[in-house]
Amino acid sequence: MGVSKSNLSRLALVGKRSLTIGQDGTCNRHYTGAAILADVPVGIGKNQMKDWESTIVGPHATLREAMETIDRTGIQAVLVVDTRRRLLGVLTDGDTRRGLLSGLGMSTEVKRVMHSTPTCVNVGDSPNSILGIMRSTGLHHLPIVDADRTVVGLAVINDYLATPHRDNWVVIMAGGLGSRLQELTRDVPKPMLNVGTRPLLETIIRSYADQGFHRFYLAVNYKAEQIEAHFGDGHALGVDIRYLREEQRMGTAGALSLLPERPTSPFIVTNADLLTKQNYGVMIDGHVESGAQATMAVRHYEMQVPFGVVRANDDIIECIEEKPVQHFVVNAGIYVLSPQTLDLVPRDQFFDMPNLLGSMLQANMMARTHQIDGYWLDIGRMPDYERANLEFHEVFQ
């Protein structure tokens, strides 16, 4: 089914498939040699149905067309959208059968039968949150919409119940002294301090393993024997753990030069003192889709000035701002790097991650940020350690 150029109101291409929605509400799919992604947010993640656009129909599509779409996709629902791809409703195969049993014909438009106020989830909702909504409502398919109710994906329950298998390496920098924790780290390396019921580093590894990551490199130095004795080869946790043994302090990136081989896909680098609840797969997917060579996780950080701030010009007061709050974007200590970035890491030298990012920018490589909003705690000081133990059972059990 074709559509004239003047009738096009929205065009989105994913891979080499294009979808156009005409002013009359009909959907037209084309296959071209182009590979453009227009107006589709990056980073929704692998949990959503990959070919979700095939479930889209316009409001004037017939029940016959809707049933053909349901049969073709294997998903027991279609998404009904307007010419700007904003969600109008959802039609399930059950809705269609009930409509036909009530006397409606196969030529009836779907807008007469669809649910016009369907349950939706938002871009950025965590997989756990989406799965919770599915379980509480009994729904197996949820449209993913943005702030304008534009459909950007479809969440399917089977994708959320299955743990993906990810071959991306996870490199954890666990060689630091932990000197700010004073007496606690005199005999125990900071990654091995108990937080809750187990060592901090074990919780970090488990959080990645739960999301399908299985190959880990631990960069170790200070009291490395304790770390190696506890984790061994990772068999007890169902993962593969190998060690990068630093003979000297090498910073937050220098140990990457000790990798025995070059990874074939982007890999994660993280610190061993971070307690987080994040979707690491979404971060990797966004990195790959963006074409960047490095992705840095960042957070919004607020700091309140405890005084009134005076703004003056030539000693004339212009305004007084009482205890203003300043806003910053800060490094969250989690990175995704593409393999070619390893060419910039010097061998056996102290080298921090900011040094690597600076070298990348000089080499005209792309580095991007990835906003994280879930639980995040950098255990660098005693109050942080105490807070981690207080919150552990609520957040990680």
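Residues numbered from 1 in each chain as written. Predicted model: local features only at pLDDT ≥ 70, side-chain atom pairs only at ≥ 80, totals over all residues. Heavy atoms only, no water.

Our next topic: the pattern of salt bridges. Taken as a whole, this structure holds 17 salt bridges when the rule is applied. Across the salt bridge formed by Arg98 and Asp95, the nearest N and O atoms sit 2.9 Å from each other. Of this pair, Arg98 and Asp95 are both found in helix α2 (residues 93–101), three residues apart, which corresponds to roughly one turn of the helix. Overall, the relative accessible area of 53% leaves Arg98 in the exposed class. (Salt bridge = Lys/Arg side-chain N within 4 Å of Asp/Glu carboxyl O. Helix = DSSP H or I, 4+ residues; strand = E, 2+ residues; numbered from the N terminus. Buried < 20%, exposed > 50% of the residue type's maximum accessible area, 1.4 Å probe, protein only.)

Moving on, we come to the packing of aromatic side chains. Scanning the entire structure with this criterion turns up four aromatic pairs. Each ring, one from Trp169 and one from Tyr217, has its centre 5.1 Å from the other, and the planes form 50°; the classification is tilted. Of the two residues, Trp169 sits in the loop between α4 (157–161) and β10 (170–173) while Tyr217 sits in strand β13 (residues 215–220), which places them 48 residues apart along the sequence. No difference in accessibility class separates Trp169 from Tyr217, as the two residues are buried. (Phe/Tyr/Trp six-rings, centres within 6.5 Å; stacked < 30°, edge-to-face > 60°.)

Attention shifts here to the packing of helix α5 (residues 200–209) against helix α6 (residues 224–231). Where α5 meets α6, the axes come as close as 11 Å, and the angle between the chain directions of the two elements is 50°. Judged by the angle between their axes, α5 and α6 are oblique. Between α5 and α6 the crossing geometry is right-handed. Contacts from Leu201, Glu202 and Ile205 in α5 reach Ile227, His230 and Phe231 in α6. (Axes fitted to C-alpha atoms, helices over the stretch in contact; angles between N-to-C directions. Parallel < 35°, antiparallel > 145°, perpendicular 65-115°, else oblique. Left-handed = near helix turned anticlockwise from the far one by under 90°. Contact = heavy atoms within 4.5 Å.)

For β13, the tally of buried residues reaches six of six residues, placing the bulk of the element in the interior. Burial of the side chains of β13 extends over both faces: Arg215, Tyr217 and Ala219 are buried on one face and Phe216, Leu218 and Val220 on the other. Relative to β13, β10 is paired through four bridges, and the arrangement is parallel. Bridge pairing links Met173 to Ala219 in β13. Pairing of β13 with strand β14 (residues 240–245), which is carried by six bridges, proceeds in the parallel orientation. Within β14, the residue paired with Leu218 across the bridge is Tyr243. After leaving β13, the chain enters α6 and then returns to the sheet as β14, a path that is right-handed. (Pairing = 2+ DSSP bridges. Right-handed = clockwise from strand over helix to strand, strands pointing away.)

This paragraph deals with the sheet that holds strand β5 (residues 77–81). The strand order β4-β5-β6 describes an open sheet built from three strands, whose pairing is mixed. Each edge of the open sheet carries a strand with a single partner, namely β4 (56–57) and β6 (87–92). When β4 meets β5, the two strands line up parallel, connected through two bridges. In the sheet register, Val57 faces β5, and the bridge partner there is Val80.

Glancing now at α5. Burial analysis of α5 places eight of its 10 residues in the buried class, which makes it a mostly covered element. Within α5 the residues assigned to the buried category are Leu200, Leu201, Glu202, Thr203, Ile204, Ile205, Ser207 and Tyr208.

This part is about the confidence of the model for the protein chain. As a note on interpretation, predicted positions should not be read in detail where pLDDT is low. When pLDDT is averaged across the protein chain, the result is 84; 87% of the residues are at 70 or more. Taken element by element, the predicted model of the protein chain shows its lowest mean pLDDT in strand β1 (residues 8–14) (28) and its highest in β10 (98). (pLDDT = per-residue confidence, 0-100.)

Taking strand neighbours across the sheet as the criterion, the three strands line up as β7-β8-β9 in an open arrangement whose pairing is mixed. At either end of the open sheet lies a strand with only one pairing partner, and these are β7 (121–122) and β9 (151–156). Summarising the sheet, strand β8 (residues 141–145) and β9 pair through five bridges and their orientation is antiparallel. Bridging across to β9, His141 finds its partner in Val156.

This next bit is on a nonpolar patch on the surface. Where nonpolar side chains cluster on the molecular surface, the patch consists of Tyr301, Met303 and Phe328 and spans about 290 Å² of accessible area. Summarising the element assignment, Phe328 is placed in strand β20 (residues 325–337). In this structure Phe328 comes out as partly exposed when scored by relative accessible area, which is 35%. (Patch = residues over 30% accessible without salt bridge, like charges linked within 9 Å, V, L, I, M, F, W, Y side chains within 5 Å. Areas by Shrake-Rupley, 256 points an atom, 1.4 Å probe, with all protein chains shown as cover.)

Helices that pack against each other are described as a pair by the angle of their axes relative to one another and the distance between those axes. Where helix α1 (residues 63–73) meets α2, the closest approach of the two axes is 10 Å, and the angle between their N-to-C directions is 145°. In this structure, α1 meets α2 at a crossing whose hand is left-handed. Counted together, Leu63, Met67 and Ile70 of α1 and Asp93, Thr96 and Leu100 of α2 form the full contact between these two elements. Grouping the constituent residues of the contact of α1 with α2 by class yields four nonpolar, one polar and one charged. (Nonpolar A, V, L, I, M, F, W, Y, C, P; charged D, E, K, R; others polar.)

Another aspect to go through is the environment of Thr185. Tracing the backbone through its elements, the reader meets Thr185 in the loop between β10 and β11 (194–195). Sequence separation between Thr185 and Tyr222 is 37 residues; the distance between their C-alpha atoms is 9.9 Å. Leaving out residues up to four positions away in the same chain, Thr185 has contacts with Leu177, Gly178, Ser179, Lys190, Leu193 and Tyr222.

Turning our attention to helix α3 (residues 127–137). Along α3, the positions that sit buried rather than exposed are Ile130, Leu131 and Met134. An end-on view of α3 places all buried positions within 95° of arc, on one side of the element. Seen from the open side of α3, the exposed residues pointing more than 90 degrees away from its buried face are Asn128, Arg135 and Ser136. Against β7, β8, β9 and α4 lie the buried residues of α3. Taken from the residues just after α3, Gly138 is the one with a positive phi, measuring 80°. (Arc of directions from axis to C-beta.)

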